[in-house]
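Structural overview
If you want the building blocks of each chain, they are given just below.
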Amino acid sequence: MTDQKTQFYFEIKDLSVGFRTFEGIKPVLNIEGLGINRGETYGLVGESGAGKTVLALTILGLLPKPAGMILNGSILFDGVDLLKQSEKQMAEIYRGKRLAMIFQDPMSTLNPVFTVWQQIERVITRQEGLKGKACLKRSLELLDMVKLPDTMNLIDKYPHELSGGQRQRIIIAIALSCGAEFLIADEPTRNLDVTIQAGILKLIDELQRDFKMSVLFIGNNVSLVNIFCRNAGILYRGKLVEEGLSNCVVQNPLHPYTQTLISAIPRSKSEKLKFSKTIIKPEAENGCPYFSRCTIGKENCSTHVPMLREFRTESSAESLNDIQNPVQKAACFYAGGTI
Amino acid sequence: MNQPLIKVEALKKYFPVRSNHLFKTQKQWVKAVDGIDLEIQSGETIGLVGESGCGKTTLVNVLLRLEDSTEGSIIFDGLDITRVSQKMMRDKVRKNIQIVFQDPFWSLNPRMLVRNVIGEPLSVHQKLSGLALSEKVESLLDMVGLPKDSLYKYPHEFSGGQRQRIAIARALALEPKLVVLDEPTSSIDILSQAQILDLLQQLKEKLGLTYILISHDLSVVHYLSDRIIVMYLGKIVEQGPSEVIFNQPVHPYTQALFNAIPSLSMQNLSELQTIEGNVPSAINPPTGCRFHTRCPRVMPICSEIEPKAIYVDKDHQAACHLLKS
Ligand SMILES: Nc1ncnc2c1ncn2[C@@H]1O[C@H](COP(=O)(O)OP(=O)(O)OP(=O)(O)O)[C@@H](O)[C@H]1O
Ligand SMILES: Nc1ncnc2c1ncn2[C@@H]1O[C@H](COP(=O)(O)OP(=O)(O)O)[C@@H](O)[C@H]1O
Ligand code: SF4
Ligand code: SF4
Ligand SMILES: [Mg+2]
Ligand SMILES: [Mg+2]
């Protein structure tokens, strides 16, 4: 992900997405560049409203129309610009086929009036042309793959008769039935208990390895992204403000926002939170998106937009000596103190 | 030890459900809270943890008398509130127990000015109005760190974190003794969350409040709580001082629950533990120890005899056959 010259399997370039509002077009996403290699896991962290779901929808061609507008940029997947594909091509070749998706609320993805079997049958018949016994056999295989118990019994149940964790496993089974190469998982465990969360993550991890899938994992929990993903990107108000190996980003955050985010994670009772006063400065319309909350911002931050710059940090060099040129990027004029 | 602020004994809350089996309709009970004993000292923060559906909200609703209990007693400040009339509850008890809900946006009336949102309990209970009301609300706004000019704004003009501050100011208006915090920070971003936790901690110290905190985020529970109560299927399985429960939990369920929390120090998914299987139904909970269907250390006795809560240390109780007092 670090070498600009290599071709990424999946790459976002100069993407800008906005929503039409009464006051004009409101920009919500502005990503200069984001690349994911084949078989790699990339975790995108950002708070509520940062634009994570909008990004997932944009990739899949599901941005609500006509409010949502792609203003600029390209999303290259295996050499093809997804933004230039017709809706028909997206539906027939990519969405739910080469690109799989799992959303945060399994109830909204499953249809409450159909049994598990009815939901899976439709997908498998459509995708693999299987019918009758063969289709049932394949369905049971898929339910086994996601480690659901007692599949013969379970397949006749309705979504509301299942637990949140079971529902999410069924979503995963359906999503991955097509042998996707790229998985977008938008906070797949957000509505689940921690006890169930670990199981779902291990399942996705195992399937990712088995199928050598690339994964864009969206989450608001930095610890989780760090455990789950090799690379991490931090999204703030639609902009990628930091990127690097997730280990490095967590241990040595460069951007003031990432630093605050990581120090804000309460660790123990003995550790007092490091900040309690909000500094609210006016927004810098033409400057750094973090200016209004940044404690170290200076005059020029409010008039210039910082671009992602590369840093070579000690921790990245030490912790990953097998990787050449471990690079961390941050979009801040004063990142890391010394430059 | 002082007399506790709340003493709960053998508390049960069953909800009737009807299950339709072709010809006969059978009446069954969801045993949401099934025999709970607990004491809360004045000035303590109690963290209530457990998986979804284990009965945390139901327990709190019964404590607030938003639901009537099925059995048992709740002595609040010397009075058994399961037996008092609704009028007595309203006049004497209600103002002492307040709740801050998960999503302040919905718990605050969107068409009310902040002055009235926060001031409503004051005008109802203390008959305050006009300038006196405004002044009192201003002091509450100041206490939760909001500017005075918020008075004449509507809730939607504030961010999630600020709306949560408004909800806290409203809950504190009548100077309650006990404040229930049900998922107080789960709908706000992490920077605001830290500030809200800090505010809650400061207010508690300043006003001598007692909190009952419910949160799925165990790091929030850890940060705020003095004592932790772990629930499983309507029962308390372990309770004790926060540090003890987080660092040396003795009940297999508590251990599994805490080992499932991702932390910044973890490097690998294998460090995250899972609990096999699903939470059983609260209609027909497992016999013996309710956790026996998922417990990694289950023994033959566990499905037959229900373990009693025993003291493993001063202030530290757990209910498991593996333990000796
Ligand atoms: N009004 C009701 N009628 C029937 N069953 C109910 C009712 N309220 C709660 N229950 C059941 O009681 C049990 C406990 O519910 P409760 O909402 O108290 O759990 P919880 O721990 O607060 O869960 P969560 O963390 O998801 O909020 C569940 O099995 C629930 O389905
Ligand atoms: N249909 C829509 N119309 C207008 N604005 C929208 C719409 N959907 C999302 N937005 C805005 O886009 C931004 C990002 O939203 P979203 O992607 O949902 O954030 P996240 O998933 O990170 O919580 C927010 O400011 C949100 O208000
Ligand atoms: S560019 Fe300036 S305002 Fe933006 S994060 Fe860096 S120091 Fe802060
Ligand atoms: S009593 Fe038995 S089943 Fe229950 S927690 Fe203890 S060991 Fe596990
Ligand atoms: Mg989202
Ligand atoms: Mg609840």
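Rules of the game
- Residues numbered from 1 in each chain as written.
- Chains lettered and ligands numbered in written order.
- Predicted model: local features only at pLDDT ≥ 70, side-chain atom pairs only at ≥ 80, totals over all residues.
- Heavy atoms only, no water.
- UniProt positions renumbered as here; feature names shortened; annotations may be inferred.
- Helix = DSSP H or I, 4+ residues; strand = E, 2+ residues; numbered from the N terminus.
- Buried < 20%, exposed > 50% of the residue type's maximum accessible area, 1.4 Å probe, protein only.
- Near = heavy atom within 4 Å.
- 1 Å grid on protein atoms, 1.4 Å probe; cavity = no way out; pocket = protein on both sides within 12 Å on 5 of 7 lines; lining within 4 Å.
- Sits in = over half its atoms within 2 Å of the grid points.
- Nonpolar A, V, L, I, M, F, W, Y, C, P; charged D, E, K, R; others polar.
- Pairing = 2+ DSSP bridges.
- Axes fitted to C-alpha atoms, helices over the stretch in contact; angles between N-to-C directions.
- Expected span 1.5 Å × (residues − 1).
- Disulfide = S-S within 2.5 Å.
- Polar contact = N/O pair within 3.5 Å; in protein donor to acceptor, adjacent residues only side chain to side chain.
- Areas by Shrake-Rupley, 256 points an atom, 1.4 Å probe, with all protein chains shown as cover.
- Phe/Tyr/Trp six-rings, centres within 6.5 Å; stacked < 30°, edge-to-face > 60°.
- Contact = heavy atoms within 4.5 Å.
- Buried area = accessible area lost by both parts, 1.4 Å probe.

- Naming follows an unreviewed UniProt entry, where chain B appears as Oligopeptide/dipeptide ABC transporter, ATP-binding protein, C-terminal domain of Flexilinea flocculi.
- Its UniProt record gives chain B the following Sequence similarities (unreviewed entry) comment, quoted word for word: "Belongs to the ABC transporter superfamily."

- In the annotation of an unreviewed UniProt entry, the entry for chain A reads Oligopeptide/dipeptide ABC transporter, ATP-binding protein, C-terminal domain, and the organism field reads Flexilinea flocculi.
- Its UniProt record gives chain A a comment under Subcellular location (unreviewed entry), which states: "Cell membrane".

**A few points about unusual backbone geometry**
- Cis geometry is found at the peptide bond from K65 of chain A to P66 of chain A, where omega equals 0°.
- Locating P66 of chain A in the fold gives a position in the loop between α1 (52-60) and β4 (68-77).
- Backbone geometry at D14 of chain A places phi at a positive 45°, although glycine is not the residue there.
- Checked against the element boundaries, D14 of chain A lands in strand β1 (residues 10-21).
- Located in the positive-phi region is D315 of chain B, a residue other than glycine, with phi close to 65°.
- Within the fold, D315 of chain B resides in the loop between β11 (310-313) and β12 (316-318).
- On the basis of relative accessible area, D315 of chain B is assigned to the partly exposed category, the value being 35%.

**Things to note about the site of ligand 4**
All names here are of chain B.
- Contacts to ligand 4 come from H251, P252, C289, F291, H292, C295, R297, C302, P307, C320, H321 and L322.
- Placement of ligand 4 is best described as lying within the largest cavity.
- Of the residues assigned to the shell around ligand 4, the class counts are eight nonpolar, three polar and one charged.

**Side note on the sheet that holds strand β10 (residues 235-241) of chain B**
All names here are of chain B.
- As summarised here, the arrangement of the eight strands in space is β6-β7-β8-β3-β9-β10-β12-β11, forming an open sheet in which the pairing is mixed. A single partner strand is all that each edge strand has here, and the edge strands are β6 (97-100) and β11. Ignoring which end each strand starts from, the neighbouring axes of this sheet average 20° apart.
- Two elements, strand β7 (residues 178-182) and strand β8 (residues 210-214), share five bridges in a ladder whose sense is parallel.

**Points about helix α7 (residues 190-207) of chain B**
Residue and element names in this part refer to chain B.
- A rise of 1.5 Å per residue sets the reference length of α7, with its 18 residues, at 26 Å; its end C-alpha atoms lie 26 Å apart and thus fit the reference within 8%.
- Burial analysis of α7 places 14 of its 18 residues in the buried class, the great majority of the element.
- Remark: G208 follows α7 within two positions and exhibits a positive phi of approximately 60°.

**Section: the state of the cysteines**
- Under the defined criterion, the tally for this structure stands at zero disulfides over all chains.
- The closest cysteine sulfur to the non-disulfide-bonded C135 of chain A is located on C178 of chain A, 15 Å from its own sulfur.

**Examining the site of ligand 1**
All names here are of chain B.
- Every residue close to ligand 1 is listed here: F15, V30, A32, E51, S52, G53, C54, G55, K56, T57, T58 and H216.
- Here an oxygen atom of ligand 1 and a side-chain polar atom of T57 are 2.6 Å apart.
- Contact distances for ligand 1 include 2.4 Å between an oxygen atom and a side-chain N or O atom of T58.
- Here ligand 1 loses 62% of its free accessible area of 630 Å² to cover by the protein chains.

**As for the packing of aromatic side chains**
All names here are of chain A.
- Evaluation of the coordinates by the stated rule reveals twelve aromatic pairs over all chains.
- When the ring of F77 is compared with that of Y94, the centres are 6.0 Å apart and the planes differ by 80°; the resulting orientation is edge-to-face. Highlighted residues: F77 in strand β4 and Y94 in helix α2 (residues 87-94), separated in sequence by 17 residues.

**Quick word on the sheet that holds strand β5 (residues 80-81) of chain A**
Residues and elements named next belong to chain A.
- Strand order in the open sheet made by the four strands is β2-β1-β4-β5, with antiparallel pairing throughout. Each of the sheet's edge strands pairs with one partner strand only, and the pair in question is β2 (24-36) and β5.
- Note: β4 against β5, two bridges, orientation antiparallel. Across the sheet, residue F77 finds its bridge partner in β5, namely V80.
- Of the strands in this sheet, β1, β2 and β4 are in contact with α1, which crosses β1 at around 110°.

**Here we look at the interface of chain A and chain B**
- With 42 residues of chain A at the interface, the matching set in chain B holds 36 residues.
- Interface area for chain A against chain B, summed over the two sides, is near 3400 Å², with a carbon-plus-sulfur share of 62%.
- If you look at where chain A meets chain B, you find five residue pairs in polar contact (both at pLDDT 80 or more).
- Of all the elements, helix α8 (residues 194-211) of chain A adds the most residues to the side of chain A that touches chain B, at nine residues.
- Broken down by class, the residue content of the side of chain A that touches chain B amounts to 18 nonpolar, 14 polar and ten charged.

**Looking at helix α1 (residues 56-63) of chain B**
Residue and element names in this part refer to chain B.
- By the criterion of burial, α1 is predominantly enclosed, with seven of the eight residues buried.
- Three or more residues of α1 are buried, namely K56, T58, L59, V60, N61, V62 and L63.
- Just downstream of α1 lies R65, where phi reads positive at about 60°.

**Things to note about the pairing of β10 of chain B**
All names here are of chain B.
- Across the seven residues that make up β10, a large majority, six, are buried.
- Where strand β9 (residues 227-232) folds back onto β10 in an antiparallel hairpin, the turn is made up of two residues, including L233, whose phi is positive at roughly 45°.
- Bridging between β10 and β12 involves two bridges; their strand directions are antiparallel. Across the sheet, residue Q239 finds its bridge partner in β12, namely Q317.

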